[in-house]
Amino acid sequence: MRRFFLAEGLRTLGEGLFTLPLFVLFALSGSPAWQATLPFTLQRIAGLLALPLGALADRIPRRELLAVALTLQALTALGLFLKTPILLLLCGALFFALSTLTGLTASAYLADLAKREGLEKARGRSAAVHIAVDTLKDPFAGILVTRTFWLPPFLALLALFGAALLYRSLPSEKAPTPKKRFHLTEVWEGVCFLWQAPTLRPIVVAEATYTFVFALGVSLLPFLLLRVLGESPLVYGIVSSLLGMGSFLGSLLGGELSQRVGQGRILVLALLLGSGACLILGGAAHWIWVGVGALLLGLGSLAFFVVAGAIRLAEAPPELRGRVAGGFLFLSGALAPLGPLLGGALAGVALPLPFLLAGGLLLALALWAGRGWR
């Protein structure tokens, strides 16, 4: 399992070494603002491909698919050497689509490797690796870009290719059942499974809602700190670090404590932590309270995501795990952009409103769905 976590760390690092330089290239290109943000748009659109890519992860042995997809990502990273914007965009679109595919496949493959009773712990450690590397990769990539632009794509190539080799060295999961022809209905089977399973339905609704709330809260942090409280960018950086620290702890604690305390209790506690975090943020008059709210929001949300995701994948049959992961990513990806949009609209009326709405939603879910989780 250590090789899996190392591979995931290298994959996250390699993607950061491609993504940040691509964003920088377009930001400094002198093009209009809508063109400068095109890479961000492509990254979001790639998440909407989760349904067909999840079906692909269920048709091909996942270990081999990860090795091939990461090798293609490694080669695509060299596209940063291209100077033509349209070619850079094509490379970016391919890279982000492959990123969605590898993320879905790795999630399903981890469920194949881990025992059912240890899936929460494995997912928690995997998420902690992602958060730790994700926290460091952008400053690292930024330092490299300021020194020389050829080094990030070269290091991205090495990191992604190293991840491909590590995945190839891991044990193979049970081969998928051969299928004759592809049917369009296959891509919706994961969504249908999530909605039709009585035990999973409230968890999926709560997880999608928490994704919406997390996006809302995080998007309002710079507005709250820089505009409302008049703090400096340094303070915003400190609060962002507290959010990352909370997310890291939530990833580890959610997986470690679920077997001792019980999955249901962890889910309810995580919802209550998120609700409390939103209420603290809505009434914060000093940046320290914003930091406390951000810490609790990261702690509660990641603890919930780790345990809820493990339940989802454990309930799904092995041959359906790619589509189940893709189905949820599609649903949450469609809801997440609504968080910043609604949060910004409500904040324009009165700042506490979006946080009160978010906190109330999580509290209502804890009271409603939590009865069946205890």
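Residues numbered from 1 in each chain as written. Predicted model: local features only at pLDDT ≥ 70, side-chain atom pairs only at ≥ 80, totals over all residues. Heavy atoms only, no water.

A. How the structure looks around the packing of aromatic side chains. Taken as a whole, this structure holds 10 aromatic pairs when the rule is applied. Pairing Phe-18 with Phe-96 gives two aromatic rings, centres 6.4 Å apart and planes at 75 degrees, and the pair type is edge-to-face. In this pair, Phe-18 sits in helix 1 (residues 2-27) while Phe-96 sits in helix 6 (residues 85-113), placing the two residues 78 residues apart along the sequence. Each of the two residues, Phe-18 as well as Phe-96, counts as buried. When the centroid spacing of 5.4 Å and the interplanar angle of 50 degrees are considered together, the rings of Tyr-210 and Phe-304 count as tilted. Of the two residues, Tyr-210 sits in helix 10 (residues 201-228) while Phe-304 sits in helix 13 (residues 287-315), which places them 94 residues apart along the sequence. (Phe/Tyr/Trp six-rings, centres within 6.5 Å; stacked < 30°, edge-to-face > 60°. Helix = DSSP H or I, 4+ residues; strand = E, 2+ residues; numbered from the N terminus. Buried < 20%, exposed > 50% of the residue type's maximum accessible area, 1.4 Å probe, protein only.)

B. Highlighting a nonpolar patch on the surface. Residues Val-68, Leu-72, Leu-75, Leu-78, Phe-81, Trp-150, Phe-154 and Leu-158 make up a contiguous nonpolar surface patch of about 760 Å² in total accessible area. The set of elements that each furnish at least two residues to the nonpolar patch consists of helix 5 (62-77) and helix 8 (151-169). Among the elements that make up the nonpolar patch, the one with the highest residue count is helix 5 (three residues). Residue position: Leu-72 is located in helix 5. (Patch = residues over 30% accessible without salt bridge, like charges linked within 9 Å, V, L, I, M, F, W, Y side chains within 5 Å. Areas by Shrake-Rupley, 256 points an atom, 1.4 Å probe, with all protein chains shown as cover. Salt bridge = Lys/Arg side-chain N within 4 Å of Asp/Glu carboxyl O.)

C. Main features of the pattern of salt bridges. Throughout the structure, instances matching the rule amount to 13 salt bridges. A salt bridge links Asp-134 to Lys-137, with the nearest nitrogen and oxygen atoms 3.0 Å apart. Taken together, the positions of Asp-134 and Lys-137, both in helix 7 (residues 119-147) and three residues apart, correspond to about one turn of that helix. By relative accessible area, Asp-134 is classed as partly exposed at 39%. A relative accessible area of 12% means that Lys-137 is categorised as buried. Arg-312 serves as the salt-bridge partner of Glu-207, at 2.8 Å between the closest nitrogen and oxygen.

D. Representation of helix 7 within the structure. Along its 29 residues, helix 7 runs 42 Å from first to last C-alpha, staying within 8% of the 42 Å computed at 1.5 Å per residue. The largest bend along helix 7 reaches roughly 30 degrees and is located at Lys-137, with the proline Pro-139 sitting one to four residues downstream. (Expected span 1.5 Å × (residues − 1). Bend = angle between axes of the 7 residues up to and from the residue.)

E. A look at the packing of helix 7 against helix 8. Where helix 7 contacts helix 8, the axes come no closer than 8 Å and their chain directions differ by 135 degrees. What the angle tells us is that helix 7 and helix 8 run oblique. Where helix 7 abuts helix 8, its residues Phe-140, Leu-144 and Val-145 lie against Leu-151, Pro-152 and Leu-155. The residue inventory of the contact of helix 7 with helix 8, partitioned by class, reads six nonpolar, no polar and no charged. (Axes fitted to C-alpha atoms, helices over the stretch in contact; angles between N-to-C directions. Parallel < 35°, antiparallel > 145°, perpendicular 65-115°, else oblique. Contact = heavy atoms within 4.5 Å. Nonpolar A, V, L, I, M, F, W, Y, C, P; charged D, E, K, R; others polar.)

F. Here's a closer look at the environment of Leu-89. By the element assignment, Leu-89 lies in helix 6. Taking the C-alpha atoms as reference points, Leu-89 and Phe-26, 63 residues apart in sequence, are found 9.5 Å from one another. Here Leu-89 is in contact with Phe-26, Leu-38, Pro-39 and Leu-42, once residues within four sequence places are set aside.

G. Seen up close, the environment of Leu-320. Topologically, Leu-320 is positioned in the loop between helix 13 and helix 14 (321-335). Along the primary structure Leu-320 and Glu-186 are separated by 134 residues, whereas in three dimensions their C-alpha atoms are 9.7 Å apart. Non-local contacts of Leu-320, meaning those with residues more than four positions away in its chain, are made with Asp-58, Glu-189 and Phe-193.

H. Structural detail: helix 12 (residues 263-283). The end-to-end C-alpha separation of helix 12 is 31 Å, in line with the 30 Å expected for 21 residues at 1.5 Å each. If you check which residues of helix 12 are buried, you get Gly-264, Ile-266, Leu-267, Val-268, Ala-270, Leu-271, Gly-274, Ser-275, Ala-277, Cys-278, Leu-281 and Gly-282.

I. The nonpolar core, seen in detail. Within the largest apolar cluster, 49 residues are counted, with the highest numbers of intra-cluster contacts made by Phe-4, Leu-22, Leu-119 and Tyr-167. Breaking this core down by element, the ones donating at least two residues are helix 1, helix 4 (50-57), helix 5, helix 6, helix 7, helix 8 and helix 13. Take this core: its biggest share by element is 11 residues, from helix 6. (Core = buried A, V, L, I, M, F, W, Y, C linked by side-chain atoms within 4.5 Å.)

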